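A look at the structure
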Amino acid sequence: MKKPFLKITLLLVALLISAISFAQDFQGKAYYQTKTSMDLDQWGGREMSPDQKKRMQDRMKSFLEKQYILTFNKEESVYKEDEKLAAPGGGRGFGGMGSSFSGGPKYKNVKSKELLQDQEFFGKQFLIKDELKAIEWVMGTETKQIGNYTCFKATATKPVDQFDWRSMRRRGGDDKKEGEKAKDSTKAGDTTSASDDPMSEIEIPKTIEIVAWYTPQIPINQGPDDYWGLPGLILEVKADNTIMLCTKIVMNPEEKEAIDKPEKGDVVTQAEYTEIITKKMAEMREMYGGRNRGGRKN
């Protein structure tokens, strides 16, 4: 009973000291290494040889492993890919899916609860403008060291209210029996099989489990990507198949960088953008289905 209470007390003291020591006009930059794991066996990789798997993983590396920079102050942040390290053609790994869902800078304002996301979808530019949604964190007392910072653990169950390729998985994986696959992926009166229609195999879970590590030594409630709302900068996030780890922090750099809001693109809400993607995916499924049915008729 005493140890958890002591940890919470130390956390509050650290928060107080850090808050007092921070100037009102401070700025910082946090560098994140992100990695998304993809089980090739789930996508038919069991039929590949070890050499084929390795070549596939090498080709997908620039798509699944990226570096980002979070530029922040007390209220605002911009999270964007590190252009200096971005690999040419790095978004083409998953059948071109990455280049079709190219994400630009993401702006968060934790005071006004404003969220802006520069997003390209199949060559068209969108500006997602929405309210920054709160995450219901469960605070823990477990700690670990990340670089020079003591971090505390927090967990959450987050609804997936947007199309996120990082959480895509094959419906049922390879563990289903062939009969079950056909039953699940074929509509009544439709002879298109799952193998003919790859879009029918993709699903995204409704919720994902989040584990975050934040440091009260930097007392702002910012973090990478969509993550925020903890009493300290989030230095690590494990969200479903993706890990985001802070590898470097620069506080009060000599040359401060403007935290600009994205402005380009057709303005849509997150719900509207998700609907646009859903319709496009349905069109692609119909295109695959129609093409394959036509092929069989010939």
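It should be emphasised that the depicted structure is a prediction, and the values quoted were computed from it without experimental measurement. (Residues numbered from 1 in each chain as written. Predicted model: local features only at pLDDT ≥ 70, side-chain atom pairs only at ≥ 80, totals over all residues. Heavy atoms only, no water.)

**Some remarks on the pairing of strand β5 (residues 114-121)**
- In terms of burial, β5 is largely enclosed, as seven of its eight residues are buried.
- Two strands pair when backbone bridges link them, and β5 and strand β6 (residues 124-131) are joined in this way by eight bridges, in the antiparallel orientation. Looking at the pairing, Asp 118 lines up with Leu 127 of β6.
- The loop that links β5 with its antiparallel partner β6 comprises two residues; one of these, Phe 122, has a positive phi angle of about 50°. (Buried < 20%, exposed > 50% of the residue type's maximum accessible area, 1.4 Å probe, protein only. Helix = DSSP H or I, 4+ residues; strand = E, 2+ residues; numbered from the N terminus. Pairing = 2+ DSSP bridges.)

**Some points on the side chain of Lys 106**
- By secondary structure assignment, the location of Lys 106 is in strand β4 (residues 101-109).
- For Lys 106, a relative accessible area of 7% puts it in the buried group.
- Reaching out from Lys 106, the side chain makes a polar contact with the side chain of Asp 225 at a distance of 2.9 Å.
- Those residues in contact with Lys 106 that lie beyond four places of it in its chain are Ser 77, Val 78, Tyr 79, Leu 115, Leu 116, Gln 117, Asp 225 and Asp 226. (Polar contact = N/O pair within 3.5 Å; in protein donor to acceptor, adjacent residues only side chain to side chain. Contact = heavy atoms within 4.5 Å.)

**So, the confidence of the model for the protein**
- With 58% of its residues at a pLDDT of 70 or more, the protein shows a mean pLDDT of 76.
- Residue range residues 90-100 is modelled with pLDDT below 50. Its contacts to residues more than four positions away, or to other chains, number 22 contacts.
- Contacts of residues 174-195 to residues separated by more than four positions or lying in other chains number 28 contacts, the stretch itself having pLDDT below 50. (pLDDT = per-residue confidence, 0-100.)

**Side note on the nonpolar core**
- In this structure, Trp 137, Tyr 227 and Leu 233 are the most contacted members of the largest nonpolar core, which totals 35 residues.
- When contributions to this core are tallied by element, the ones reaching two or more residues are β1 (28-36), β2 (65-72), β8 (149-159), β11 (207-215), β12 (233-239) and β13 (242-251).
- Apart from the residues within four sequence positions on either side, Leu 233 is in contact with Ala 30, Tyr 32, Leu 70, Phe 72, Trp 213, Tyr 214, Thr 215, Ile 218, Ile 220, Gln 222, Gly 223 and Ile 249.
- By size, the runner-up hydrophobic cluster in this structure holds eight residues, among which are Ile 128, Ile 277, Met 281 and Met 284. (Core = buried A, V, L, I, M, F, W, Y, C linked by side-chain atoms within 4.5 Å.)

**Details of the pattern of salt bridges**
- The full count for this structure, using the stated rule, is 13 salt bridges.
- Put simply, Glu 81 and Lys 66 hold a salt bridge, and the shortest N to O gap is 3.5 Å. Note that Glu 81 is positioned in strand β3 (residues 76-81) and Lys 66 in strand β2, a separation of 15 residues in sequence.
- Glu 81 gets classed as partly exposed once you look at its relative accessible area, which sits at 26%.
- Judged by relative accessible area, which is 14%, Lys 66 ranks as buried. (Salt bridge = Lys/Arg side-chain N within 4 Å of Asp/Glu carboxyl O.)

**A short note on the state of the cysteines**
- Going through the model one piece at a time under the given rule, you end up with zero disulfides.
- We note that Cys 151 lacks a disulfide partner, and the nearest cysteine sulfur, in Cys 246, lies 8.6 Å from it. (Disulfide = S-S within 2.5 Å.)

**With respect to the side chain of Lys 108**
- By secondary structure assignment, the location of Lys 108 is in strand β4.
- There is no salt bridge for the buried Lys 108, and the closest opposite charge comes from Asp 226, which lies 6.7 Å off by N-O distance.
- A polar contact of 2.8 Å, which involves the side chain of Lys 108, links it to the backbone oxygen of Asp 225. (Lys, Arg positive; Asp, Glu negative; His and termini not counted.)

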